[in-house]
Amino acid sequence: MKVTRSLRGLSLLITLMAATSAVADNRPSGLMTDLVEHTDRTWQNGYASSLPVWKADEAIEELQYAAIRSSRPTFTWIVPGEKRNTMQTAYRLIVADNPKDAAEGKGNVWDSGEVRSDRSVAVPYSGKPLLPAKNYFWRVRTTTDTEGQSQWSEVKAFRTADRLSEYCVSYYPQIKTLELPSEVRRTASGATLVDFGKDAFAQPVLTLTSASGADTVTLHLGERLADGAVSRNPGQSTIRYRRCRLPLMKGTHTYRIKIEKDGRNTGGAAVLMPGYVGEVLPFRYCEIEGYAGTLPPASVVRETVHYPFNETASYFHSSDSVLNQVWELCKHSIRATSFAGLYVDGDRERIPYEADALINQLCHYGVDREYTMARRSYEYLLERPTWPTEWILQAALIAWNDYMYTGDDRSLRATYERLRPRTLLSLRERNGLISTTTGLQTKEFLSSIRMGSPIRDIVDWPHTKEGSKLWDVMGESDGFVFTDYNAVTNAYHYEALKLMGRIAGALGKGDDEAFYTAEAEAFKRLFVRSFFDKEKGRFRDGLSADTDHASLHANMFVMAFGLVPEKSERQVLDFIRGRGMACSVYGAQFLMDALYEAGDADYALRMLTKTDDRSWYNMIRAGSTISTEAWDNKYKTNQDWNHAWGAVPANIIPRRLMGVEPLSPGFGTIRVKPMTGALERAEAVVPTIRGAVSVSVANKDGRYTLKLTIPANMKAEVFLPLPEGRYKAFADGSPVKLSRVKGEPFLYAGTVGSGTYVWEISD
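Residues numbered from 1 in each chain as written. Predicted model: local features only at pLDDT ≥ 70, side-chain atom pairs only at ≥ 80, totals over all residues. Heavy atoms only, no water.

## Topic: helix α10 (residues 510–531)
In a regular helix each residue adds 1.5 Å, so 22 residues correspond to 32 Å; α10 covers 31 Å between its end C-alpha atoms and thus fits that length. Inspection of α10 places Asp512, Tyr516, Ala520, Phe523, Leu526, Phe527, Val528, Ser530 and Phe531 among the buried residues, and these make up the whole buried set. Packed against the buried residues of α10 are α7 (410–419), α9 (487–506), β26 (532–533), β27 (538–539) and α11 (552–560). (Helix = DSSP H or I, 4+ residues; strand = E, 2+ residues; numbered from the N terminus. Expected span 1.5 Å × (residues − 1). Buried < 20%, exposed > 50% of the residue type's maximum accessible area, 1.4 Å probe, protein only. Contact = heavy atoms within 4.5 Å.)

This is the structure in structure tokens:
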């Protein structure tokens with residue numbers, strides 16, 4: 001089995017790496033309008049339709065499509081080019097209101113003319129404002145410095161919404177995929193157990209036969225098995241189980257099982273399923289009682305609901321079997337939990353929360369070339385924020401990620417004034433720190449962040465309430481001591497100030513950039529003076545007058561956000577290592593970021609691959625195929641088995657372990673800095689808005705090899721690990737001198753353009 005999986009993975013990698021090379025016919029590809037790629041498609045009740053979007057009016061029934069909601073959208077494409085160091089030098093983009101003119105290269109709505117520019121992401125439309133409820137067609141032609149002028153791209157159609165704004169986020173409808181079982185077997189009780197292999201939000205469809213019309217079958221739908229059958233009492237109310245009775249009609253008929261509404265996740269704050277999709281239930285198993293006939297696999301199928309997802313956009317495989325399983329768990333989790341069209345907190349409430357959205361966003365970017373769901377969730381949460389202080393502050397993080405991954409600043413411009421109060425400068429006390437408990441939460445402040453009631457510090461989750469006190473549960477916040485001045489909350493405040501300075505700079509707001517940058521720099525010094533324990537070499541949870549306790553959280557967030565003084569990094573890292581995984585699956589995002597920020601690849605790998613009850617592997621061992629809300633049922637007795645904030649490795653593996661991150665907006669320049677630790681082999685395809693980046697690392701018998709393929713119109717700063725002792729370095733087989741990075745265990749291989757490169761370091 002292992003050999004088969006390895007060969008299958010290698011075959012997929014070869015296919016994906018071939019796909020990252022330039023298109024053979026030299027045409028721009030991957031065309032996006034307002035960050036939506038499949039604008040030309042329609043869906044009927046969730047299923048892909050044969051009618052293109054410009055023929056939607058010819059359908060009798062209502063069709064779904066990704067309507068463009070901006071009167072001035074942006075356009076994005078992947079630049080073609082097979083040669084090394086290929087950069088776009090010019091483009092010409094046309095928009096027409098009919099397919100004939102577009103096919104002939106006539107932009108009767110807008111013709112950009114030949115524009116001397118390397119811009120290929122978020123190129124703004126500059127014609128007259130588009131009209132609502134109208135079809136448009138566009139294509140682009142590029143010129144590069146290595147291959148000259150390209151062919152025209154395909155013609156890409158899109159349809160505008162019935163109402164338009166200058167800017168409004170566009171997004172896909174939810175869609176359905178019909179899935180067959182992976183196994184059908186009889187249980188000891190004589191029932192039939194249908195296993196779909198993985199959990200998903202779905203609706204079952206059965207084709208059954210009754211000779212008399214007097215038969216009734218009972219269905220048991222669930223996420224968990226017990227004694228070879230679907231668990232009727234999964235132990236936690238939010239591990240899903242549903243019983244359905246189905247009276248049969250005489251003859252052979254197909255039945256769609258109606259999922260009844262659950263009051264827990266259809267309340268006023270919940271994201272409701274659209275009518276064309278209907279209610280869904282997360283389940284992996286369908287057990288059928290009371291049916292005497294045979295059940296071939298095609299007679300029981302599952303309609304799985306999700307956001308459009310490209311399974312081949314990303315890939316990862318390594319020499320560690322546990323890490324491979326963790327990757328597959330987390331990648332599937334992002335697809336499966338996209339059922340609501342917005343990032344929600346699993347199935348129990350189906351409510352968007354900032355913390356879920358932040359992790360969901362980075363994970364989605366790591367597994368697919370898709371950006372609209374993250375942007376829509378961010379803008380939704382600005383108007384409907386949730387109560388934790390740190391999660392209010394996370395808005396700046398989500399906004400900056402959006403800009404760096406898309407290169408499209410329109411969301412920043414549209415939301416800038418709503419972002420500013422979410423730095424929480426209004427909660428600054430006389431000592432310069434922020435606090436939620438010293439009487440500064442005025443009506444004016446709460447109104448500025450769209451809150452109707454006071455916010456509260458959270459640090460990590462879950463917690464248990466007793467009166468007005470919060471305290472640690474089973475180690476999820478490592479005994480963090482809550483005081484008026486919270487180190488974690490203030491660390492977030494610093495990060496929000498820092499990123500607001502960058503956001504202001506990106507928008508050309510020079511005065512604001514100077515203000516926020518200066519505030520961040522001054523606050524960093526204040527933070528260290530206030531919370532750092534010089535004698536013990538670690539950060540306290542609060543001020544020394546209030547507590548001497550130092551938790552993992554007070555140190556990992558500080559390390560992740562770059563607040564640790566350089567001379568103290570080793571001490572703080574040693575403390576973090578000594579605490580293990582004393583955080584929740586949410587907190588693990590920041591623990592992993594902290595470890596990689598500190599350059600501790602070996603310990604980070606141990607955290608990713610450990611197999612105790614506080615590990616991603618434990619989710620698999622427990623029987624879940626979607627990441628869970630907590631490490632184990634004992635750490636949260638009502639946890640969901642379908643919570644994407646537990647899928648942290650879906651972003652940590654491509655961003656940190658394989659080391660692919662944007663250095664400039666829209667991946668114009670990237671950093672490739674693999675930190676694979678003790679892995680002998682790792683290979684990945686990482687999606688970006690400019691095309692996929694392929695990275696493979698081999699590290700065995702004193703030889704380290706890095707192979708990198710990057711698409712056209714992109715540059716990469718490349719780093720390799722610094723070996724112990726003497727070494728020889730080669731680039732594409734030729735000896736080369738690499739410069740050592742000051743203060744880091746890395747060698748700098750320089751900045752390279754597009755193409756495929758191989759570096760080797762040997763003893």
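Moving on from the model shown.
## Let's talk about the side chain of Gln394
Along the chain, Gln394 turns up in helix α6 (residues 389–406). For Gln394, a relative accessible area of 0% translates into the label buried. Setting aside residues no more than four positions away along its own chain, Gln394 makes contact with Glu354, Ala355, Leu358, Tyr492, Tyr586 and Phe590.

## Quick look at the packing of aromatic side chains
In the structure shown here, the tally under the stated rule is 37 aromatic pairs. Consider the rings of Phe196 and Phe283, whose centres lie 6.1 Å apart with planes at 80 degrees: the pair is edge-to-face. One end of the pair, Phe196, is in strand β15 (residues 192–210); the other, Phe283, is in strand β21 (residues 281–289), and 87 residues separate them in sequence. With a relative accessible area of 7%, Phe196 lands in the buried category. Judged by centre distance (5.2 Å) and plane angle (75 degrees), the ring pair of Phe480 and Phe482 falls under edge-to-face. Three or more aromatic residues joined by ring pairs make a cluster, and in this case those are Tyr353, Trp391, Tyr492, Phe557, Phe561, Tyr586, Phe590 and Trp645. Positioned above the aromatic ring of Trp387 is the side chain of Arg456, whose terminal nitrogen or guanidinium carbon lies 4.1 Å from the ring centre. A cation sits over an aromatic face here: Arg614 above Tyr635, 4.4 Å from the ring centre. (Phe/Tyr/Trp six-rings, centres within 6.5 Å; stacked < 30°, edge-to-face > 60°. Lys NZ or Arg CZ within 6 Å of the ring centre and 35° of its normal.)

## Notes on the sheet that holds strand β28 (residues 660–662)
Here we have five strands laid out as an open sheet, ordered β28-β29-β33-β37-β36, and mixed in their pairing. The open sheet has two edge strands with one neighbour each: β28 and β36 (739–740). Here strand β33 (residues 715–721) runs beside strand β37 (residues 746–752); their pairing, made up of six bridges, is antiparallel. Bridge assignment links Phe719 to a residue of β37, and that residue is Tyr748. (Pairing = 2+ DSSP bridges.)

## Here we look at the environment of Lys134
Looking at the secondary structure, you find Lys134 in the loop between β9 (123–124) and β10 (135–144). Between the alpha carbons of Lys134 and His549 there is a distance of 62 Å; along the sequence they are 415 residues apart. Setting aside residues no more than four positions away along its own chain, Lys134 makes contact with Asp97, Phe158, Arg159 and Thr160.

## Description of the sheet that holds strand β23 (residues 315–318)
The strand order β23-β30-β31-β32-β38-β34-β35 describes an open sheet built from seven strands, whose pairing is antiparallel. At either end of the open sheet lies a strand with only one pairing partner, and these are β23 and β35 (734–735). Bridge count for strand β34 (residues 728–731) against strand β38 (residues 755–762) is four bridges, and the pairing is antiparallel. Among the inter-strand pairings, Lys728 is bridged to a residue of β38, identified as Ser762.

## Focus: the pattern of salt bridges
Under the defined criterion, the tally for this structure stands at 54 salt bridges. Residue Glu154 is joined to Lys156 by a salt bridge in which the shortest nitrogen-to-oxygen separation is 3.9 Å. Residue Glu154 is classed as partly exposed on the basis of its relative accessible area, which comes to 36%. Taking the relative accessible area as the measure of exposure, Lys156 reaches 5% and is therefore buried. Among the salt bridges present, the one from Lys636 reaches Glu629, with a minimum N-O distance of 3.4 Å. Of the two residues examined, Lys636 and Glu629, each falls in the buried class. It is possible to trace a salt-bridge network through shared partners that takes in Arg240, Glu279, Asp347, Arg348, Arg350, Glu629, Lys636 and Asp640. (Salt bridge = Lys/Arg side-chain N within 4 Å of Asp/Glu carboxyl O.)

## Observations concerning the environment of Asp602
Tracing the backbone through its elements, the reader meets Asp602 in helix α14 (residues 601–609). Along the backbone, Asp602 and Ala678 are 76 residues apart, and their C-alpha atoms lie at a distance of 6.1 Å. With residues up to four places along the chain from it excluded, the contact list for Asp602 reads Gly677 and Ala678.

## Some remarks on unusual backbone geometry
Each neighbour pair has its own omega, and for Trp461 with Pro462 the value is 10 degrees, a cis peptide bond. For Pro462, the location among the structural elements is in the loop between α8 (443–448) and β24 (463–466). Its identity is not glycine, yet Asn45 carries a phi of approximately 50 degrees, on the positive side. By secondary structure assignment, the location of Asn45 is in the loop between β2 (43–44) and β3 (47–48).

## Considerations on the state of the cysteines
Applying the stated criterion across every chain yields a total of zero disulfides. Unpaired in this structure, Cys244 has its nearest cysteine sulfur neighbour in Cys286, at a distance of 8.4 Å. A relative accessible area of 12% means that Cys244 is categorised as buried. The thiol of Cys363 is unpaired, and the distance to the nearest cysteine sulfur, on Cys330, comes to 6.9 Å. With relative accessibility at 0%, the residue Cys363 sits in the buried group. (Disulfide = S-S within 2.5 Å.)

## Here we look at the confidence of the model for the protein
A low pLDDT means the predicted coordinates there should not be read in detail. Averaged over all residues, the pLDDT of the protein equals 94, while 95% of them reach at least 70. Confidence drops under pLDDT 50 across residues 1–23; counting only partners more than four residues distant or on other chains, this segment forms 21 contacts. pLDDT under 50 marks residues 465–473. Its contacts with residues more than four places away, or in other chains, come to 18 contacts. (pLDDT = per-residue confidence, 0-100.)

## Digging into the side chain of Glu223
Looking at the secondary structure, you find Glu223 in the loop between β16 (216–222) and β17 (225–226). No salt bridge is formed by the buried Glu223. Its closest oppositely charged neighbour is Arg240, at 5.4 Å. Within the structure, Glu223 has its side chain in polar contact with the side chain of Asn642 (distance 3.0 Å). Setting aside residues no more than four positions away along its own chain, Glu223 makes contact with Asp199, Thr238, Ile239, Arg240, Pro282, Phe283, Arg284, Tyr285, Gly623, Trp641 and Asn642. (Lys, Arg positive; Asp, Glu negative; His and termini not counted. Polar contact = N/O pair within 3.5 Å; in protein donor to acceptor, adjacent residues only side chain to side chain.)

## Thoughts on α14
Among the nine residues in α14, seven count as buried, and that is most of the element. Buried within α14 are the following residues: Ala601, Tyr603, Ala604, Leu605, Met607, Leu608 and Thr609.

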